[in-house]
Every structure is written in structure tokens, then in C-alpha cells.
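A closer look at the structure
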Amino acid sequence: MHTYFRTARHMGRGGWKGRGGWQQAEIPSADDAAAWFGGRLPEGWFTGDPEVTVDREEIVIVGELQPLSGEYADDAARAAAEDGRISRFREETRDERIEIARQAEHRYQRKVAWGASLGGTRHLFTTHSAPVMTRLRQPERLVLDTLVDAGVARSRSEALAWAVRLVGEHADSWLAELREAMTKVDDLRSQGPDLS
């Protein structure tokens, strides 16, 4: 299992403001979150290090559960068993996950969400949905309204979320390159002279 960690810096913490430069937000760094969770989580929860993804509002921890040992008649039966095992993990670890999340939320000033994967099944538990304000010109609004009128989405907000997911799925390699470039800029900036 591979572990990856995207910090808020990589995901756009502070974001690009207009055509100007990079704006640093006033939230604590979460650069050490993967290490903190790796040390804080109980032994045996996951088969390896969990996948930790961070943005400026939320930290999501997803771990791989121990493989199933039984034989299953078909893929549908195996998927049902995986789903049941993830549900059991969610219930059995609820109180401890809440306490760990409380500590992490205090440390990093972000909401914490959990998830688990097993075989081909992956579930996220109660993730955070953050409002994002945007201004759209009429051509962009017409796109959203077309999606709503066609029944693809129930509202402009849902249509915009759908469009963002679609771009994320189809532009993943480009977004990865962009995050890498932003990391290099941050690294170079930190190596620059201290002008204070």
C-alpha cells in the first residue's frame, strides 16, 4: 500500500488571489500530519500507514483493513463482505476515532474525516463539505443552468461540484504537475534571503 500526503500548500492553502501572488493563510501547518497520525493511531487498525490527505479545511485519513480470509461465491458476495467489514470497523473504532480527531482538530485547526478500504471497496465516513464562494459570468452560469435543467444536478451548487469532480478526474496528471510546481516555488521561496 502506498501512502501519500498532500499538504494544504500543495492543495492551494490560501489559494491564488486574482492574478496576484500566493497568499498564505493563517492556519497552522499540517506538514507533519501524516507522521502525527502514524504515531497516534492504534496498532492493528490498518495493514500499513494510512493515506493522509490535507487541505485548508479538512484532514482525511483512509486506511487499508486486514484482508478477508473467507471464500466467496462471486464478486458480489465478496463486495458485500468487504462492505460489512468496513461497517464493523467504523462502529468498533468510533469512540477512539472521535478522540483522535478531537486532538488533531485542536493541533491542526481542521476537521478530521475517516475512511477505510478493503479489496475493491472504499468508504469515507462523514466528510466535511465546505462552501466555496465564486463569481461566474453569464456563459458559466448558463453551463450550470443547463446541467440543472437536464437533471444532471439539482442546483447550481451541485452542478459546480459535479464539474469540479469531472475536471479532477480528467486532469489528474496536470493537477499533480501543478502541485509539484507549487511545491518547488514554496521551497525556493523558503531558501531565499531573509529581508526582514
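Structural notes, computed from the coordinates.

So, the overall build of the chain
A tally of regular secondary structure across the chain gives seven helices and five strands. Of all 196 residues assigned to the chain, the portion counted as buried reaches 29%. Long-range pairs, those at least 24 residues apart, make up 62% of the contacts in the chain between residues at least 6 apart in sequence. With an accessible surface of roughly 13,200 Å², the chain has 51% of that area assigned to carbon and sulfur atoms.

Description of the environment of Asp-32
Relative to the assigned elements, Asp-32 resides in the loop between α1 (8-11) and α2 (33-40). Take Asp-32: its relative accessible area is 33%, and that puts it in the partly exposed class. Between the C-alpha atoms of Asp-32 and Tyr-108, which are 76 residues apart in sequence, the distance is 9.7 Å. Residue contacts for Asp-32: discarding those within four places in its chain leaves Arg-107 and Tyr-108. At a separation of 2.8 Å, a polar atom in the side chain of Asp-32 contacts the side chain of Tyr-108.

Here's the deal with unusual backbone geometry
Despite not being glycine, Gln-109 shows a phi value in the positive range, around 60°. Topologically, Gln-109 is positioned in the loop between α4 (94-108) and β4 (111-118). You will see that Thr-126, though not glycine, has its phi angle at about 40°, which is positive. Here Thr-126 shows up in the loop between β5 (121-125) and α5 (138-149).

Regarding the side chain of Glu-58
For Glu-58, the position within the fold is in strand β3 (residues 58-64). No salt bridge is formed by the buried Glu-58; the nearest opposite charge belongs to Lys-111, separated by 9.6 Å. A distance of 2.7 Å separates the side chain of Glu-58 from the backbone nitrogen of His-128, its partner in a polar contact. Those residues in contact with Glu-58 that lie beyond four places of it in its chain are Thr-53, Arg-110, Lys-111, Ala-113, Thr-127 and His-128.

Structural notes on the nonpolar core
Judged by nonpolar contacts, the single largest core of 23 residues is most densely connected at Ala-33, Phe-37, Leu-41, Ile-59, Ile-61, Val-112 and Trp-114. If you list the elements that add at least two residues to this core, you get α2, β2 (51-54), β3, α3 (75-92), α4 and β4.

As for the pairing of β2
Alternating positions in β2 separate into two faces, Glu-51 and Thr-53 on one and Val-52 and Val-54 on the other, with burial throughout. Relative to β3, β2 runs antiparallel, the two being bridged by four bridges. Directly across from Val-54, in β3, lies its bridge partner Ile-59. Where β2 folds back on β3, the antiparallel hairpin that results is connected by three residues.

Comments concerning the packing of α5 against helix α6 (residues 156-170)
It is at 9 Å that the axes of α5 and α6 come closest, and there the two elements cross at 100°. The angle between α5 and α6 places the two elements in the roughly perpendicular class. Of the residues in α6, those in contact with Arg-141, Leu-144, Asp-145, Leu-147 and Val-148 of α5 are Arg-156, Ala-159, Leu-160 and Trp-162.

Here is what the cut-offs are and how they apply
- Residues numbered from 1 in each chain as written.
- Predicted model: local features only at pLDDT ≥ 70, side-chain atom pairs only at ≥ 80, totals over all residues.
- Heavy atoms only, no water.
- Helix = DSSP H or I, 4+ residues; strand = E, 2+ residues; numbered from the N terminus.
- Buried < 20%, exposed > 50% of the residue type's maximum accessible area, 1.4 Å probe, protein only.
- Contact = heavy atoms within 4.5 Å.
- Areas by Shrake-Rupley, 256 points an atom, 1.4 Å probe, with all protein chains shown as cover.
- Polar contact = N/O pair within 3.5 Å; in protein donor to acceptor, adjacent residues only side chain to side chain.
- Lys, Arg positive; Asp, Glu negative; His and termini not counted.
- Salt bridge = Lys/Arg side-chain N within 4 Å of Asp/Glu carboxyl O.
- Core = buried A, V, L, I, M, F, W, Y, C linked by side-chain atoms within 4.5 Å.
- Pairing = 2+ DSSP bridges.
- Axes fitted to C-alpha atoms, helices over the stretch in contact; angles between N-to-C directions.
- Parallel < 35°, antiparallel > 145°, perpendicular 65-115°, else oblique.

Honestly, that's just the spatial picture; any functional story needs more than this.
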